[in-house]
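# Overview (structure and organization)
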Amino acid sequence: MGGSAKASSRDQHEPPEFSMAAGEFVSIYNNPKEHGKWDAVISCFFLDTAHSIIKYMKTIYDMLKDDGIMINFGPLLYHWSGPPMRPNDKSVDDYHKRNSGLDNRYLSSVDMSWDDVKDVMTNVGFVLEEERLGIPAQYTSDSTSMMATEYNCVYCVVRKPAKK
């Protein structure tokens, strides 16, 4: 999961507070006591773990102070992608029946392109400050073998604008 840091009025030489929690991100941080408390949210190989990237973006936006930033790096692999519909699935109901044993999040997740994710970010209220696409990043590799998994990743910085 992504980590977050919040600064306080402490001496500038003291390290910032840092948070990292095991569990489902939205259920932990979509809490009024977290709203407007964070200067930054930094995520790595994280956004695509959402079954609803819209909920992730709203939660992060609410967590941030005015002028706070989110820095993200990672692929769009989408861990909650459900199995594909088959030709014998005559309807969405058939598909849901065939996959009734799966967690519902697999059946309700939407896999978005990067352009769709940017639209979500801006519709939530973020301003895109920086973007780099197609950055190669190895996820797993073994230098003693010929095995390596490499993703084309997105790096971005978005800002929650200050209220006027």
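For clarity, every value in this text was computed on a predicted model and none was experimentally measured. (Residues numbered from 1 in each chain as written. Predicted model: local features only at pLDDT ≥ 70, side-chain atom pairs only at ≥ 80, totals over all residues. Heavy atoms only, no water.)

Bringing unusual backbone geometry into the picture now. With the exception of glycine, most residues fall at negative phi, and the peptide bonds are largely trans. Phi is positive for F45, which is not a glycine, with a value near 50°. In this structure, F45 sits in the loop between strand 3 (38–44) and helix 2 (53–63). Even without being glycine, D67 reaches a positive phi, approximately 75°. Tracing the backbone through its elements, the reader meets D67 in strand 4 (residues 64–74). (Helix = DSSP H or I, 4+ residues; strand = E, 2+ residues; numbered from the N terminus.)

Our focus in this paragraph is the packing of helix 2 against helix 5 (residues 114–124). Where helix 2 contacts helix 5, the axes come no closer than 10 Å and their chain directions differ by 40°. As the angle between them shows, helix 2 and helix 5 are arranged oblique. Remark: the crossing between helix 2 and helix 5 carries right-handed chirality. Here I53, I54, M57, K58 and Y61 of helix 2 come into contact with helix 5, specifically with V117, V120, M121 and V124. By residue class, the composition of the contact of helix 2 with helix 5 is eight nonpolar, no polar and one charged. (Axes fitted to C-alpha atoms, helices over the stretch in contact; angles between N-to-C directions. Parallel < 35°, antiparallel > 145°, perpendicular 65-115°, else oblique. Left-handed = near helix turned anticlockwise from the far one by under 90°. Contact = heavy atoms within 4.5 Å. Nonpolar A, V, L, I, M, F, W, Y, C, P; charged D, E, K, R; others polar.)

This next bit is on the packing of aromatic side chains. For any two aromatic rings, the description comes down to two numbers: the centre-to-centre distance and the angle of the planes. Counted under the stated rule, the structure contains ten aromatic pairs. With a centroid separation of 5.3 Å and an interplanar angle of 40°, the aromatic rings of F25 and Y29 are classed as tilted. With F25 and Y29 both in helix 1 (residues 25–29) and four residues apart, the pair spans about one turn of that helix. Overall, F25 belongs to the buried group, its relative accessible area being 3%. Members of the aromatic cluster, joined through ring pairs, are F25, Y29, W38, F46 and Y56. When the ring centre of Y61 is taken as origin, the NZ or CZ atom of K160, which lies over that ring, is 4.8 Å away. (Phe/Tyr/Trp six-rings, centres within 6.5 Å; stacked < 30°, edge-to-face > 60°. Buried < 20%, exposed > 50% of the residue type's maximum accessible area, 1.4 Å probe, protein only. Lys NZ or Arg CZ within 6 Å of the ring centre and 35° of its normal.)

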